[in-house]
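# Per-entry structural report
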Amino acid sequence: MAIAESGQSSASSPLVTQLHGWVTTVDHKRIGIMYILMSFFFMVVGGIEALLIRMQLWVPDNTLIGPDTFNQLFTMHGTTMIFFVVMPMLTGIANYLVPLMIGCRDVAFPRLNALGFWLSLFGGCILYTCYFTGDALYGLGSAPDVGWFAYAPLTSPAYARGGAVDYWILGTSVSGVGALTFAVNLVATILTMRAPGMKLNQVPLFVWMMLIDAWLILVAFPPLTAAQIMLILDRYAGAHFFDPQSGGSALLWQHLFWFFGHPEVYIMVLPAFGIISEIIPVFSRKVIFGYASMAAATAAIGLISLGVWAHHMFTVGLDDRLDAYFSAASFLIAIPTGIKVFNWTATLYGGRLQMRTPMLFALGFLSMFLIGGLTGIMLATVPVDWQVSDSYFLVAHFHYVLFGGSLFALMGGCYYWFPKATGKMLSEKLGLWHFWLLFIGFNLLFGPMHISGILGMPRRVYTYQAGQGWEFWNQVSTVGAFIMGFGILFFFINIAVSLRSGKKAGDDPWDAWTLEWATSSPPPSYNFEQILAVRSRRPLWDLKHPEDPDWKYE
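Residues numbered from 1 in each chain as written. Predicted model: local features only at pLDDT ≥ 70, side-chain atom pairs only at ≥ 80, totals over all residues. Heavy atoms only, no water.

In the nomenclature of an unreviewed UniProt entry, the protein chain is known as Cytochrome c oxidase subunit 1 of Blastopirellula sediminis. Its UniProt record gives the protein chain a comment under Catalytic activity (unreviewed entry), which states: "4 Fe(II)-[cytochrome c] + O2 + 8 H(+)(in) = 4 Fe(III)-[cytochrome c] + 2 H2O + 4 H(+)(out)". (UniProt positions renumbered as here; feature names shortened; annotations may be inferred.)

Right, dumping it as C-alpha cells:
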C-alpha cells in the first residue's frame with residue numbers, strides 16, 4: 001500500500017529515503033499499515049502450513065509428512081494465525097482508524113505505538129528463527145511441536161528437548177508485550193483525545209468495541225506472560241510450577257493459559273463486531289439499531305468473557321460444581337452476543353441494501369459467526385463437550401468463530417477502508433471473486449469437520465486408517481482449503497491491480513457518516529486541517545445535512 005505520509009512529497013523521494021521514513025515513522029497511519037502488511041505476510045506463511053496439513057490428511061495412511069513435522073506444522077499454524085495474523089490485522093486497522101474516527105491528530109503516545117509494532121514483528125521473527133536454530137545443540141531445522149496452547153508437561157525439558165519451545169515462549173511473550181503497549185495507547189487516546197464535543201456515548205461503535213478490547217488485552221495478557229516466565233523457570237532454573245512429580249500442577253498451566261486464551265477469542269472478535277457495526281448501517285442507508293444496547297452488550301461480553309475460561313477444561317476432571325458454573329457462564333455470554341446479532345439484523349431490515357463487497361463480507365460474517373455461535377452453545381453443554389472435545393468438531397467450531405467471525409469481518413474492513421488509506425478503490429469484480437471463493441472454500445473446508453468430528457476423528461492426528469468413514473470428509477475439506485487459497489490469492493491480486501490502476505476514490509466514496517471520511521484520501525500526516533466539533537454520533541451526516549442534523553434527535 002503506497003501510502004504517503006504527507007501526500008506526494010514522499011512518493012517522489014528516493015527509495016532509501018522512503019524506506020527510512022517508514023522504518024522511523026511514529027505516524028499512527030503508517031504504523032497501522034505496517035501492522036496490516038505484517039499480518040498479510042504471516043497469513044501467507046500460516047496458509048501454506050494449513051495447506052500442507054490438509055494435503056497430509058487427503059488419504060488414509062499418507063506418508064507425505066512425518067508425524068514430527070505434522071506436529072510442528074499445526075503448532076506453528078495455530079500460533080501464527082492467532083498471534084501474527086489476526087492480532088496484527090485488528091491492531092493495524094484500529095491504529096489507522098481510531099484517531100481519525102475520534103477526530104484527533106495522532107495517538108496519545110506515538111513512540112510507544114511504534115515500539116509496539118516493532119515488538120510484535122520481532123516476536124514473529126523470533127518464532128520463525130526456530131526453523132534455523134530450534135534444536136540448538138541438537139541440530140538445525142526444528143520448530144515447536146506442542147500446539148499453540150503449549151500444554152504442560154509437553155513443554156517440560158523431558159518431552160521438549162532442544163530450544164524450539166523456547167522460541168515459542170520468547171516469540172509469543174515479546175509480541176504480547178507489544179499488544180500491551182497498543183492497549184495502553186488506545187485506552188489513553190480514546191479517553192483523552194476525542195474531538196471537542198464528542199462524548200463517550202457518541203464515538204463510533206468500532207471505537208467503543210476497541211476500547212473494551214484494549215481493556216481485555218490489559219487484563220488477559222499479563223497472566224500469559226507470567227505463565228511463560230514460570231515455564232522458563234521450570235525449563236532452566238529448576239522450578240517445578242507445572243511438574244506434578246515435584247509438587248507442581250500441569251492444570252495450573254491450563255488455568256493460566258485459558259484465562260488468557262478465552263478472552264483472547266473475544267479480543268479477536270470484538271474488533272470484527274465493530275467493523276460490522278460500521279459497514280452495515282452505511283450499506284443499509286440506516287442508523288444502527290440500538291446504539292446504546294450494542295455498547296452495553298460489548299461491555300457485558302468483555303466482563304463475562306473473563307469468567308468462562310475453564311469451559312476449555314471440562315474433560316480434565318474439575319469439580320462438578322465448577323463445571324456447572326462455567327457451563328452456565330458460557331451460556332450467559334450468548335445473551336449480549338444475541339443482542340448484537342439482533343441489532344445488526346434489525347438495521348438490515350427495511351434498509352436500502354447496497355450489495356457492495358464490504359457488505360457481502362459483512363453478511364458472510366453474520367452467517368459464519370452464527371454457525372460458530374450455535375456450535376459454541378453446544379460445546380458449553382458439558383455432556384456434549386465430553387463427547388466431542390478434542391475432535392474435529394471443535395476444530396470446525398473455533399474456525400467458524402475465529403475465521404468466519406473475525407477474518408471475514410477484517411476482510412470486509414479492508415475493502416471498506418482501503419479507499420481511505422490509498423485513495424484508490426478496490427476492484428468490485430475481483431472482490432466478488434475473492435468473496436465467493438473464500439465463502440465457498442471456507443464452508444467446504446470447515447463444514448465437513450463437524451461430521452468427521454462427530455464420527456470420532458481426533459484433532460492433531462497426522463494420519464488415520466481407512467474404513468472409518470473419514471476419507472470423504474477429509475478430501476472435501478482439502479478441496480475447500482485450496483479454493484480458499486485461491487480466494488486469498490484474488491485478494492492480493494486485487495490490491496496490486498488497484499494500487500496500480502484502481503479508480504480514484506475521493507474523500508468519501510461510500511457516502512458515510514463518521515469522521516475518518518471528513519478528511520482527504522489518503523489523509524495527511526496531521527489527519528485534519530481543522531479539528532471538527534462534534535454534536536452527534538454521525539458528525540459527517542450533520543455537516544452534509546444541516547437542515548436535518550442528528551443532534552436534534554439524540
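### Points about the overall build of the protein chain
The secondary structure content of the protein chain amounts to 17 helices and 0 strands. Computed over its C-alpha atoms, the radius of gyration of the protein chain comes to 23 Å, within 12% of the 24 Å expected for a compact globule of 554 residues. When its C-alpha atoms are laid out on the principal axes, the protein chain stretches across 70 × 50 × 45 Å. A total of 554 residues make up the protein chain; the buried ones form 58% of that total. Restricting the contact set of the protein chain to residue pairs at least 6 apart, pairs at least 24 apart contribute 81%. (Helix = DSSP H or I, 4+ residues; strand = E, 2+ residues; numbered from the N terminus. Rg over C-alpha atoms; globule rule 2.2 N^0.38 Å. Buried < 20%, exposed > 50% of the residue type's maximum accessible area, 1.4 Å probe, protein only. Contact = heavy atoms within 4.5 Å.)

### A word on a nonpolar patch on the surface
Together, V44, I48, L52, M55, L64, F482, F486, L489, I493 and V497 make up an exposed nonpolar region whose accessible area comes to about 830 Å². Those elements that place two or more of their residues in the nonpolar patch are α3 (28–56) and α16 (471–501). Top element by residues in the nonpolar patch is α16. It accounts for 5 residues. By secondary structure assignment, the location of F486 is in helix α16. (Patch = residues over 30% accessible without salt bridge, like charges linked within 9 Å, V, L, I, M, F, W, Y side chains within 5 Å. Areas by Shrake-Rupley, 256 points an atom, 1.4 Å probe, with all protein chains shown as cover. Salt bridge = Lys/Arg side-chain N within 4 Å of Asp/Glu carboxyl O.)

### Things to note about the pattern of salt bridges
In this structure the tally under the stated criterion is 10 salt bridges. E428 is paired through a salt bridge with R356; the nearest N and O atoms lie 3.4 Å apart. One end of the pair, E428, is in helix α15 (residues 428–454); the other, R356, is in the loop between α11 (334–348) and α12 (357–380), and 72 residues separate them in sequence. The partly exposed category is assigned to E428, whose relative accessible area is 26%. Residue classification places R356 among the partly exposed residues on the basis of a relative accessible area of 31%. Residues R538 and D550 are paired through a salt bridge, measuring 2.5 Å at the closest nitrogen-oxygen approach. Pair noted here: R538 is in the loop between α16 and α17 (539–544) and D550 is in the segment after α17, with a separation of 12 residues, a long-range link. Neither R538 nor D550 differs from the other in exposure class; each is buried. Through salt bridges that share partners, R285, D508, D511 and K544 make up one connected network.

### What about the packing of aromatic side chains?
This structure, assessed with the given rule, holds 55 aromatic pairs. Seen in terms of ring centroids, F472 and W473 are 4.9 Å apart; in terms of plane orientation they differ by 75°. Their pairing is edge-to-face. The class of F472 is exposed, set by a relative accessible area of 52%. The class of W473 is partly exposed, set by a relative accessible area of 24%. A cation sits over an aromatic face here: R535 above W551, 3.7 Å from the ring centre. Sitting over the ring of W541, R538 keeps its end group 4.4 Å from the ring centre. (Phe/Tyr/Trp six-rings, centres within 6.5 Å; stacked < 30°, edge-to-face > 60°. Lys NZ or Arg CZ within 6 Å of the ring centre and 35° of its normal.)

### Focus on the environment of Q72
Along the polypeptide, Q72 turns up in helix α4 (residues 67–101). Between the alpha carbons of Q72 and V265 there is a distance of 23 Å; along the sequence they are 193 residues apart. Not counting residues up to four positions away in its chain, the partners in contact with Q72 are S142, A143, P144 and D145.

### Focus: the side chain of T298
When you line up the elements, T298 lands in helix α9 (residues 291–305). Classification of T298 as buried rests on a relative accessible area of 0%. Within the local environment of T298, its side chain forms a polar contact with the side chain of K340, the two groups lying 2.7 Å apart. In this structure, T298 is in contact with M209, I212, L270 and K340, ignoring residues within four places of it in sequence. (Polar contact = N/O pair within 3.5 Å; in protein donor to acceptor, adjacent residues only side chain to side chain.)

### Focus: the side chain of T75
Here T75 is to be found in helix α4. T75 gets classed as buried once you look at its relative accessible area, which sits at 0%. In contact with T75, other than residues within four places in its own chain, are P144, D145, V146, G147 and W148.

### What to know about the environment of K340
Within the fold, K340 resides in helix α11. For the pair K340 and D507, spaced 167 residues apart in the sequence, the C-alpha separation amounts to 30 Å. Among all residues touching K340, those that are not within four sequence positions of it are M209, F273, M294, A297, T298 and I301.

### A word on the packing of helix α8 (residues 250–284) against α9
Two elements in contact, α8 and α9, have axes whose closest approach is 10 Å; the angle formed by their N-to-C orientations is 170°. The orientation of α8 relative to α9 falls into the category roughly antiparallel. Contacts between α8 and α9 involve H262, P263, Y266, L270, F273 and S277 on the former and, on the latter, M294, T298, I301 and S305. Classifying every residue of the contact of α8 with α9 gives 6 nonpolar, 4 polar and no charged. (Axes fitted to C-alpha atoms, helices over the stretch in contact; angles between N-to-C directions. Parallel < 35°, antiparallel > 145°, perpendicular 65-115°, else oblique. Nonpolar A, V, L, I, M, F, W, Y, C, P; charged D, E, K, R; others polar.)

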